[in-house]
Amino acid sequence: MVRPDSQLPDTKTRILDAAERLFMENGYAATSVRMITGAAGVPVALVNYHYGSKQGLMEAVYARALGNRGGSRVGYLDRLEAVAGGKPIAVDVLVDAFLSSALRLTRKDNISGEVFKQLIGRAFYEPGPGTEAFFPLEYREAVDRYRQAFMRALPHLTQDDVVWRMYFFVGIVAYAMAGKDVMRMTENYSLADAGDPEAVMARLRPFVVAGFQAPAGMPRGT
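Residues numbered from 1 in each chain as written. Predicted model: local features only at pLDDT ≥ 70, side-chain atom pairs only at ≥ 80, totals over all residues. Heavy atoms only, no water.

1. So, helix α11 (residues 197–213)
Each α-helix turn comprises 3.6 residues. Residues three or four places apart therefore point the same way.
Turning to step 1, where the next piece is worked out: Between its first and last C-alpha atoms α11 spans 24 Å; for 17 residues at 1.5 Å apiece the expected length is 24 Å, and the two agree.
Turning to step 2, where the next piece is worked out: By the largest-angle criterion, Leu 204 marks the main kink of α11, which is about 30°, and a proline, Pro 206, follows within four residues. (Helix = DSSP H or I, 4+ residues; strand = E, 2+ residues; numbered from the N terminus. Expected span 1.5 Å × (residues − 1). Bend = angle between axes of the 7 residues up to and from the residue.)

See below:
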């Protein structure tokens, strides 16, 4: 069994640095643990010792790029719910909170924001061959917490209706965050705001709010 040495912090940092760079360059699925340890100059066993698995290592890279919990999507919601005191939070406030936290996480005015944006883009949209993909715990927790909040705000909707609307909403935001304009519409129509994330999110906001507040979906066959 590999034991930590006197340079444990430096070793862990080398592993994280190498993993971050390779995940950004190749995507999560296409990057192997051996590629990471080769770039870091450490034995494979050290990744297992410190992180347990490639998934654990990616979670650590993601967490470092994410920063403290107070700026995460769940952190924003925690503060809103504390102020609301158990009452439903308005749909437009929930949408604003999710969009604001997404913008903060992907701003280019710091290195971690750019890293976060690229990690999300590579992990969600370029998983590589097969079915292996990375879905961070923070992302899963945030989606479920917002699902609960939207259900309280929209009691006339079924859970299926809310989850479908969350699916469309989160998918659009992830698409915009990743900067992967595969449809090329912003280029084809020379949209002036295409390179401005805050302007894009501002245009997205009323569209999403209206979608959540739309009447319940019609049953199939009617």
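From this point, the discussion proceeds with the structure in view.
2. Quick notes on the pattern of salt bridges
Opposite charge on two side chains permits them to pair, given that their charged atoms come into close proximity.
Turning to step 1, where the next piece is worked out: By the definition in use, this model includes 11 salt bridges.
Turning to step 2, where the next piece is worked out: A salt bridge links Arg 64 to Glu 20; the shortest N-O distance between them is 3.3 Å. Of this pair, Arg 64 sits in helix α4 (residues 54–66) while Glu 20 sits in helix α1 (residues 8–26); the two residues are 44 residues apart in sequence, bridging distant segments of the chain.
Turning to step 3, where the next piece is worked out: A relative accessible area of 34% places Arg 64 in the partly exposed class.
Turning to step 4, where the next piece is worked out: One salt bridge connects Glu 59 with Arg 140, and the closest N-O pair in it is separated by 4.0 Å. (Salt bridge = Lys/Arg side-chain N within 4 Å of Asp/Glu carboxyl O. Buried < 20%, exposed > 50% of the residue type's maximum accessible area, 1.4 Å probe, protein only.)

3. Quick look at the UniProt feature "DNA-binding region" (unreviewed entry) in the chain
Turning to step 1, where the next piece is worked out: According to UniProt, the positions carrying the feature "DNA-binding region" (unreviewed entry) are residues 32–51.
Turning to step 2, where the next piece is worked out: Helix makes up 80% of residues 32–51 and strand 0%, with an end-to-end C-alpha separation of 14 Å. (UniProt positions renumbered as here; feature names shortened; annotations may be inferred.)

4. Concerning the nonpolar core
Turning to step 1, where the next piece is worked out: Among the nonpolar cores identified, the biggest contains 25 residues, and Val 95, Tyr 146, Phe 150, Phe 169, Val 173 and Phe 212 are the most heavily contacted of them.
Turning to step 2, where the next piece is worked out: If you list the elements that add at least two residues to this core, you get α6 (91–106), α8 (137–153), α9 (159–178) and α11.
Turning to step 3, where the next piece is worked out: Ranked by residue count, the leading element in this core is α6, at eight residues.
Turning to step 4, where the next piece is worked out: Apart from the residues within four sequence positions on either side, Phe 150 is in contact with Val 91, Leu 94, Val 95, Val 162, Met 166, Phe 169 and Phe 212. (Core = buried A, V, L, I, M, F, W, Y, C linked by side-chain atoms within 4.5 Å. Contact = heavy atoms within 4.5 Å.)

5. Brief notes about unusual backbone geometry
Turning to step 1, where the next piece is worked out: Here the phi dihedral of Ser 190 falls at roughly 50°; this positive angle occurs in a residue that is not glycine.
Turning to step 2, where the next piece is worked out: Note that Ser 190 resides in the loop between α10 (185–188) and α11.
Turning to step 3, where the next piece is worked out: Assessed through its relative accessible area of 62%, Ser 190 is described here as exposed.

6. Description of the confidence of the model for the chain
Turning to step 1, where the next piece is worked out: Per-residue confidence for the chain averages 80 on the pLDDT scale, and 73% of its residues sit at or above 70.
Turning to step 2, where the next piece is worked out: Least confident of the elements in the chain is helix α7 (residues 111–125), whose mean pLDDT is 61; most confident is helix α2 (residues 33–40), at 94.
Turning to step 3, where the next piece is worked out: Note on residues 1–9: pLDDT is under 50 here. Beyond four places in sequence and across chains, it has seven contacts. (pLDDT = per-residue confidence, 0-100.)

7. Section: the packing of aromatic side chains
Geometrically, a pair of aromatic rings is defined through the distance of the ring centres and the angle of the planes.
Turning to step 1, where the next piece is worked out: Inspection of every chain in the model, using the stated rule, returns nine aromatic pairs.
Turning to step 2, where the next piece is worked out: Judged by centre distance (5.1 Å) and plane angle (55°), the rings of Phe 98 and Phe 169 are tilted. Within this pair, whereas Phe 98 is found in helix α6, its partner Phe 169 is found in helix α9, the two being separated by 71 residues in sequence. With respect to class, Phe 98 is no different from Phe 169; both count as buried.
Turning to step 3, where the next piece is worked out: Arranged with centres 4.0 Å apart and planes meeting at 5°, the rings of Phe 150 and Phe 212 form a pair that is stacked. Residue Phe 150 is located in helix α8, and its partner Phe 212 is located in helix α11; the two are separated by 62 residues in the primary sequence.
Turning to step 4, where the next piece is worked out: Among the residues examined, Phe 212 registers a relative accessible area of 1% and is labelled buried.
Turning to step 5, where the next piece is worked out: Its end group placed over the ring of Tyr 76, Arg 79 keeps NZ or CZ at 5.1 Å from the ring centre. (Phe/Tyr/Trp six-rings, centres within 6.5 Å; stacked < 30°, edge-to-face > 60°. Lys NZ or Arg CZ within 6 Å of the ring centre and 35° of its normal.)

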